Structures are given as structure tokens and as C-alpha cells.
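Structural overview for review
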Amino acid sequence: MTELPKDGSAGLLVLGGRDIAGITDVAELIGVAREALRKTSDLTAVQDVRRVLDLEEPGGACLSVMYAAIADLPLFGAKVLSVLPQNFARGLPSHRGGILLFERDCGTPVAIVDGGQTTAWRTAAASAVATQCLSRENSSVLTLMGYGEQAERHVVALSAIRPIREIRVWGRDPEKAEAFADKQRAAGFDAKGCDDAQTAVAGADIVCTVTSARTPILSGEWLTPGTHVNAVGASVPSIRELDDACVTRSGIWVDYMPMALTSAGEIVEAIRDGLISKDHLKGEIGAVINGAIPGRTSDDQITLYRSLGVPAQDIEFANFFYAVARSKGLGATVPFEDLNHA
Ligand code: NDP
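Residues numbered from 1 in each chain as written. Predicted model: local features only at pLDDT ≥ 70, side-chain atom pairs only at ≥ 80, totals over all residues. Heavy atoms only, no water.

1. As for the packing of aromatic side chains
A full pass over the atoms with the stated rule returns four aromatic pairs. When the centroid spacing of 5.4 Å and the interplanar angle of 15 degrees are considered together, the rings of Phe76 and Phe102 count as stacked. Taken as a pair, Phe76 in strand β5 (residues 75–83) and Phe102 in strand β6 (residues 95–103) lie far apart in primary sequence, 26 residues in all. Under the relative-accessibility criterion, Phe102 is labelled partly exposed at 22%. (Phe/Tyr/Trp six-rings, centres within 6.5 Å; stacked < 30°, edge-to-face > 60°. Helix = DSSP H or I, 4+ residues; strand = E, 2+ residues; numbered from the N terminus. Buried < 20%, exposed > 50% of the residue type's maximum accessible area, 1.4 Å probe, protein only.)

Structure representation (C-alpha cells):
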């Protein structure tokens, strides 16, 4: 990366959603997610659990802050997002904000990267990495519970690493589920909307829960031996998408253990209620990548990847987007000069 002046005179590079949309080779993004998960587990990344400020707006609206520094990357920083689940009904993204990046030498702010798009891609790409580690190789039937932004990105990311042929979509509104299925049929999948969640899940190879539900939408009793689950929604401990049977019937891997133990409602409650102990959790996906622990161990094991979102993912992705944008001349530079430098 070209050296930047440390006085801020180079300005702040602003990378919006459209800039990022031009940098989305999915195989490359999955590689970036893999690196972030690996560095989370070998502690190359220094990070903390997400900080959340609840807002008064309905449905779990909040301000979310995540920050990290990664030893082998030039830029560290923080992602600040507004999370407004009610935006989905307005046709707006529910996660919006930016990642402020600083260079290490003098702490100069160098860029703001769209946080909504980064979140959308890094989450689905991380699920793809986990699915590679945990699902059966011939997995071809994908069930999506939810039809929002994450559902879309999960189709793209998971079909890049498994031979997905059939897509089943369940959600509260059958018309929206069918509309989502329509889009997937146009993309070449054998896709259908499902009115009944249990039917959608039965016999699926991979199930993704990608909703803003606050109470369980997936019962572990519905899962067929061998299924892999990516649980993505419900990022604060007071809500959950999964019931107790999902937790007790599955081998569970997580993206970042400190987040899982504090923020995954179904895990926090299952430990509190004595249904499982911490030992029930197999470990982090990064530890599987690093070869420290195994992934799936038999064809009939039910595997569960609990995604909470890792700050290191945001910073790894933002560094990647920044480097590509600099090399391709993407984004807009705005003045952001310090006034008190020598
Ligand atoms: P969207 O707003 O784009 O979509 C939300 C989806 O949830 C829609 O399908 C909506 O459909 C559905 N939904 C809302 N309420 C309920 C309910 N009570 N029961 C069933 N479905 C419901 O959100 P995203 O796709 O961006 O995110 C999905 C979830 O993933 C959110 O919880 C989000 O916070 C979480 N997330 C997690 C990340 C992670 O790192 N683990 C990162 C990004 C997001 P409808 O309203 O029609 O029912």
C-alpha cells in the first residue's frame, strides 16, 4: 500500500455502498472472512465484544459499536451502525453506518467504509467458511428462514462453496417468501416459498436463520441428522431464533467465543438453566481453520455455527476494501486535515 502523509493532508477516503458493490468477487470475500476468523482464534486480532446502546424505537433498535486491530494489517478502527429492524418493512437496510479506519503509525484517520455493505458481505462470507468446515460436502438443499439482506447474501456465498440446487424459503409473509423464491428461480435455482417452517426445514442439508425474530423460529426437533445450521439473527442475549432443542441436539461452533457466551440468547440461557455446560460448545471456527479442533466428525451429526459477528471481520474487510479501492481509484476523498500539526 502506498505510504500516506501522516498529517491527514491526503484527506479521508469515503467508500460508499456502490464502491463496495464493485469489489465483490465472492470467492475473494470468503477468503477474507477465513483470514479474519483464523486471526480471531490465533489472537492476531485484538478485539472486544460488541457494545450496544438500546434505542427507544420498537423491535430492538440500537446503536452498535465494534472495534478491532489486527497485527498484520495497516489499518485499525471501529464500526458504528444503527440497527433498525423496522427498516425492512420500509424497503430500507436495517444495518447502516460506517467503519472509521486509522493508520497505525500516527493514528491518522484515513477512510470511512460503508458499514452496512461490509456487514452484509462479511457475515455471509463467514457463514460460508463455517459451512465449508461443518456441512457435508454434497449439501445441495438450502433452507432460508428469512428473506432479507442476509438471506440474499447467504445464497450467493453458500452456493459458491456447496453444490446448492434446491432453495426453500420460509418467513412470516408467504408472499414475500414466494417473491424471494422467484428471484432465486431467475438465478437458476429450484426455489420455492414454504408456508410451514417445519416442512421447510425437514430434510434440508443446510438451514440458515436470518431473521429479526425475537422468539424462536427454529425448533431443534425439526432438524434431520446431518443438517448444518447457520444461526445469524438475534445478536443480543435477550432474544433468540433457536429453541433449546437446537442447542442440545447440535454440536456448536461459534465465530468468537466471548461474544457467544455473552450475546447468544439460546446459549446464555441453556448454560444458565443447566441444559448444557460450556464444554458443550466445540470452539471457534477459526480453531477449526487453524487445525486446533475438528469440525464435523460424522455424516449424521447436526452441526450449528452460531454467528454473532466478529469485529475483526469488519476490520479485515475494511482493510481489503480500502486496499482495492486505492489501487483502482475508487471512492471520493474529502478534506479532513488536522489543524494543529507542526
Ligand atoms: P433484514 O432487515 O434485511 O431482514 C429481516 C428479516 O427478518 C426479514 O425476512 C423479516 O421478514 C424477518 N423477520 C422480522 N421479524 C421476524 C419475526 N418475528 N419472525 C420471523 N421473521 C422475522 O435483516 P438482515 O437480513 O440484514 O439481518 C437478519 C438478521 O441477522 C437480523 O437479526 C440482524 O440483526 C442479524 N445480523 C447478524 C449479523 C451477524 O454477524 N451475526 C450481521 C448482520 C445481521 P418479515 O418482517 O416479513 O417477517
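2. Some words on the sheet that holds strand β11 (residues 206–209)
For sheets, the rule is that strands pair by backbone hydrogen bonds, running either parallel or antiparallel. The strand order β10-β9-β8-β11-β12-β15-β13-β14 describes an open sheet built from eight strands, whose pairing is parallel. Lying at the two open borders of the sheet, with one neighbouring strand each, are β10 (190–194) and β14 (281–284). If you compare each strand with its neighbour and ignore which way they point, the axes differ by 20 degrees on average. In this sheet, strand β12 (residues 228–231) lies alongside β11 in parallel orientation, the contact comprising four bridges. In the sheet register, Val207 faces β12, and the bridge partner there is Val229. (Pairing = 2+ DSSP bridges. Axes fitted to C-alpha atoms, helices over the stretch in contact; angles between N-to-C directions.)

3. Quick notes on the pattern of salt bridges
Counting across every chain of the model gives 18 salt bridges. One connected set of salt bridges, linked through shared partners, spans Glu35, Arg38 and Asp42. (Salt bridge = Lys/Arg side-chain N within 4 Å of Asp/Glu carboxyl O.)

4. Overview of helix α9 (residues 265–272)
Of the residues making up α9, those classed as buried are Gly265, Glu266, Ile267 and Ala270. Contact partners of the buried residues in α9: α7 (244–249), β13 (251–254), α8 (257–263), β14 and β15 (303–306). With its phi angle positive at about 75 degrees, Gly274 sits one or two positions after the end of α9. (Contact = heavy atoms within 4.5 Å.)

5. Brief notes about the nonpolar core
In terms of nonpolar packing, the biggest core is built from 97 residues, with Leu101, Leu142, Ile167, Leu218, Ile285 and Phe321 touching the most fellow members. Both domains that meet at this core, namely domain 1 (12–119 + 312–341) and domain 2 (136–310), each give it at least three residues. Among residues more than four places away in sequence, those in contact with Ile167 are Leu142, Leu144, Val155, Gln184, Phe189, Asp190, Ala191 and Lys192. (Core = buried A, V, L, I, M, F, W, Y, C linked by side-chain atoms within 4.5 Å. Domains from an automatic or database assignment.)

6. Observations regarding the packing of helix α4 (residues 149–159) against helix α5 (residues 174–186)
It is at 12 Å that the axes of α4 and α5 come closest, and there the two elements cross at 25 degrees. It follows that α4 is roughly parallel to α5 by the angle criterion. By crossing handedness, the relation of α4 to α5 is classed as right-handed. Taking contact as the criterion, the partners of Ala151, Glu152 and Val155 in α4 are, on α5, Phe180, Lys183 and Gln184. (Parallel < 35°, antiparallel > 145°, perpendicular 65-115°, else oblique. Left-handed = near helix turned anticlockwise from the far one by under 90°.)

7. Regarding the domain arrangement of the protein
Splitting the protein by domain gives domain 1 (12–119 + 312–341) and domain 2 (136–310). Spacing between the C-alpha centres of domain 1 and domain 2 amounts to 24 Å. Counting residues at the interface gives 23 residues for domain 1, matched by 29 residues for domain 2. For the domain 1 and domain 2 pair, buried surface summed over both sides reaches about 2,000 Å², with 59% attributable to carbon and sulfur atoms. The largest share of the area that domain 1 buries against domain 2 comes from Leu37, Arg50 and Phe88, three residues that together contribute 24% of it. Seen at the junction of domain 1 and domain 2, the total is zero salt bridges. Elements that contribute at least two residues to the side of domain 1 that touches domain 2 include exactly α2 (26–41), α3 (115–134) and α11 (311–328). (Buried area = accessible area lost by both parts, 1.4 Å probe.)

8. So, the side chain of Thr119
The residue Thr119 is located in helix α3 in this model. Here Lys79 takes part through its side chain, which lies 2.7 Å from a polar atom of the side chain of Thr119. Among all residues touching Thr119, those that are not within four sequence positions of it are Lys79, Leu81, His95, Gln150 and Asp314. (Polar contact = N/O pair within 3.5 Å; in protein donor to acceptor, adjacent residues only side chain to side chain.)

9. A look at the site of the ligand
Taken together, 24 residues sit near the ligand, with Arg122, Tyr147, Gln150, Arg172 and Thr211 positioned nearest. The contact in question runs from an oxygen atom of the ligand to an N or O atom on the backbone of Thr211, over 2.8 Å. In this structure, an oxygen atom belonging to the ligand sits 3.0 Å away from a main-chain N or O atom of Ser212. In the complex, the protein chains occlude 88% of the 900 Å² of accessible area that the ligand would expose alone. Listing elements by their share of the shell around the ligand, those giving two or more residues are α3 and α4. Here the shell around the ligand gets three residues from one element, more than from any other, and that element is α3. Its residues assigned to classes, the shell around the ligand comprises seven nonpolar, 13 polar and four charged. Split by domain, the shell around the ligand shows at least three residues from each of two domains, domain 1 (12–119 + 312–341) and domain 2 (136–310). (Near = heavy atom within 4 Å. Areas by Shrake-Rupley, 256 points an atom, 1.4 Å probe, with all protein chains shown as cover. Nonpolar A, V, L, I, M, F, W, Y, C, P; charged D, E, K, R; others polar.)

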